[in-house]
Amino acid sequence: MEMFKITLTILSLILFSCGNKGAVETESKAAVNASSTTPHFNADSAYAYVAAQVAFGPRVPNSKPHQACGDYLAAELKRMGAELYVQEMTLTAYNGERLQARNIIGSYKPESSKRILLFAHWDSRPYADYDPDPARQRMPIDGADDGASGVGVLLEIARLLGENAPDKGIDIIFFDAEDYGVPTFDKEHQYVQNSWCLGSQFWAKKPHVPNYKAEYGILLDMVGAKGASFYKEGFSMQYAPHIVEKVWSTARDLGYGKFFINANGSYITDDHGPVIAGRNIPCIDIIHTNLDNTHGFGSYWHTHNDTMENINRETLQAVGQTVLEVIYSK
Ligand SMILES: [Zn+2]
């Protein structure tokens, strides 16, 4: 993903600077307000799912680790009782390269017309274009937070959905080729916004079920870093403010207000864009941002430091338990 280009980034800086300074929630007693019907999110399990993906190596389309990890994700969803759909695609990258890619989809209660969509990207960036070492910028990254964390949280949610049937339909989509956007070092190819999110663009035109519809969608991206801060992302506020409020107030009630900051954030190019535009489904993006850095994300973003060392169980717990509470009790 990328911060939306220049003008909107400036807008977001303004939003940040005149937004709720000091409105960072203080942590209340954790999980006291959790509904009794909501299963308990196991952060150790989620952490293990993140580690399992990273252990394959960088999940870059057309590579062996990508193939192996995709097989693993599909098998896990099936094992956890989901109805599995694998959407195979040949995508064209910004540089003309043909990418063999897969969107991997697990559905719970597929017959239900009332549905919620949960999604994350499972590929990892082929470049480390923000790495301080120019000699390593053309090498793919681990993507422990950028990619694997969102999928790890959703795999743990899938495990719990398999054990505790929800009263509504839930679809979990792992989108491919989100992070193949034009790298900053590439002077040959013009920067284009739609070089990102290729898998979700494909799905938005051709969903796994004809005329697919969900009440709303929640995207998890970079949800595992220690001390993460989730601001109310721009497009989420524009297209799904009621879902943002539902999720942020749930997090606050559960005692996770220190992660879910009560202030507006930047506009971010991410997989929720194609889902909103192509399927008319209101979606939100829960994503870690840090405007202390010029690019707006964690300092490890698109570098070789996006490793398991940054992944923190407390953050995974905050996100996972909040999403579970929303889908089971709201
Ligand atoms: Zn990325």
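Since this is a predicted model, take the numbers as computed values, not measurements.

### Considering the pairing of strand β10 (residues 283-287)
In step 1: Summarising burial for β10: five of the five residues are buried, a large majority.
In step 2: Every second residue of β10 is oriented toward a common face, with C283, D285 and I287 on one face and I284 and I286 on the other, all of them buried.
In step 3: Alignment of strand β6 (residues 216-221) against β10, held across five bridges, turns out to be parallel. By the bridge assignment for β10, G217 is matched with C283.

### Considerations on the packing of aromatic side chains
In step 1: If you walk through the whole model with that rule in mind, you get 11 aromatic pairs.
In step 2: Look at F230 and F260: their rings are 5.2 Å apart centre to centre, the planes differ by 55°, and that puts the pair in the tilted class. Pair noted here: F230 is in strand β7 (residues 230-232) and F260 is in strand β8 (residues 260-264), with a separation of 30 residues, a long-range link. Per residue, the accessibility class of F230 equals that of F260, and both read buried.
In step 3: An aromatic cluster is built from F119, F175, W203 and Y212, whose rings are joined through pairwise contacts.
In step 4: Just above the ring of Y47 sits the side chain of R313; from NZ or CZ to the centre is 3.9 Å.

### A word on the coordination of the zinc ion
For a metal bound by four donors in a tetrahedral arrangement, the ideal donor-metal-donor angle is 109.5 degrees, while six donors in an octahedral arrangement ideally sit at 90 or 180 degrees.
In step 1: Within the protein, the zinc ion binds to D146 (OD), D179 (OD), D179 (OD) and H302 (NE2); these donor distances fall in the range 1.9 to 2.5 Å.
In step 2: One chain supplies every donor to the zinc ion, and in sequence these donors are spaced D-x32-D-x122-H. Residue D146 is located in helix α4 (residues 144-163), and its partner H302 is located in the loop between β10 and α9 (313-329); the two are separated by 156 residues in the primary sequence.
In step 3: Overall, D146 belongs to the buried group, its relative accessible area being 0%.
In step 4: On the basis of relative accessibility, which here comes to 0%, the residue H302 falls in the buried class.

### Observations concerning the pattern of salt bridges
In step 1: Tallied over the full model, the rule gives 11 salt bridges.
In step 2: For D44, the salt bridge goes to R313, with nearest N and O atoms at 2.7 Å. Here the residue D44 occupies a position in helix α2 (residues 43-55), and R313 occupies one in helix α9, the gap between them amounting to 269 residues.
In step 3: A relative accessible area of 40% means that R313 is categorised as partly exposed.
In step 4: Residue K232 pairs with E245 through a salt bridge whose shortest N-O separation is 3.3 Å. Of the two residues, K232 sits in strand β7 while E245 sits in helix α7 (residues 241-254), which places them 13 residues apart along the sequence.
In step 5: A cluster of three or more residues bridged by salt bridges with shared partners is formed by E156, R159 and E163.

### What to know about the packing of α2 against helix α3 (residues 64-79)
In step 1: Two elements in contact, α2 and α3, have axes separated by 9 Å at closest approach and are oriented at 150°. Viewed along their axes, α2 and α3 adopt a mutual orientation that is roughly antiparallel. Here α2 and α3 pass one another in a crossing that is right-handed. Where α2 abuts α3, its residues Y49, A52 and Q53 lie against C69, Y72, L73, E76 and R79.
In step 2: In terms of residue class, the contact of α2 with α3 is built from five nonpolar, one polar and two charged.

### A closer look at α2
In step 1: Here α2 contains 13 residues, and its C-alpha end-to-end distance of 18 Å stays within 8% of the 18 Å for a straight helix at 1.5 Å per residue.
In step 2: Residues of α2 that are buried include every one of A43, S45, A46, Y47, Y49, V50, Q53 and V54, and no others.
In step 3: In this structure, the buried residues of α2 make contact with α3, α4 and α9.
In step 4: At the N-terminal end of α2, a side-chain oxygen is found 2.9 Å from the backbone nitrogen of D44, two or three residues along, and the residue is N42.
In step 5: Count one or two residues on from α2 and you reach G57, which has phi positive near 105°.

Criteria and thresholds
- Residues numbered from 1 in each chain as written.
- Predicted model: local features only at pLDDT ≥ 70, side-chain atom pairs only at ≥ 80, totals over all residues.
- Heavy atoms only, no water.
- Buried < 20%, exposed > 50% of the residue type's maximum accessible area, 1.4 Å probe, protein only.
- Helix = DSSP H or I, 4+ residues; strand = E, 2+ residues; numbered from the N terminus.
- Pairing = 2+ DSSP bridges.
- Phe/Tyr/Trp six-rings, centres within 6.5 Å; stacked < 30°, edge-to-face > 60°.
- Lys NZ or Arg CZ within 6 Å of the ring centre and 35° of its normal.
- Donors = N, O, S within 2.8 Å, 3.2 Å for Na, K, Ca; no water.
- Salt bridge = Lys/Arg side-chain N within 4 Å of Asp/Glu carboxyl O.
- Axes fitted to C-alpha atoms, helices over the stretch in contact; angles between N-to-C directions.
- Parallel < 35°, antiparallel > 145°, perpendicular 65-115°, else oblique.
- Left-handed = near helix turned anticlockwise from the far one by under 90°.
- Contact = heavy atoms within 4.5 Å.
- Nonpolar A, V, L, I, M, F, W, Y, C, P; charged D, E, K, R; others polar.
- Expected span 1.5 Å × (residues − 1).
- Polar contact = N/O pair within 3.5 Å; in protein donor to acceptor, adjacent residues only side chain to side chain.

It is worth stressing that arrangement in space is one thing and function is another; only the former is reported here.
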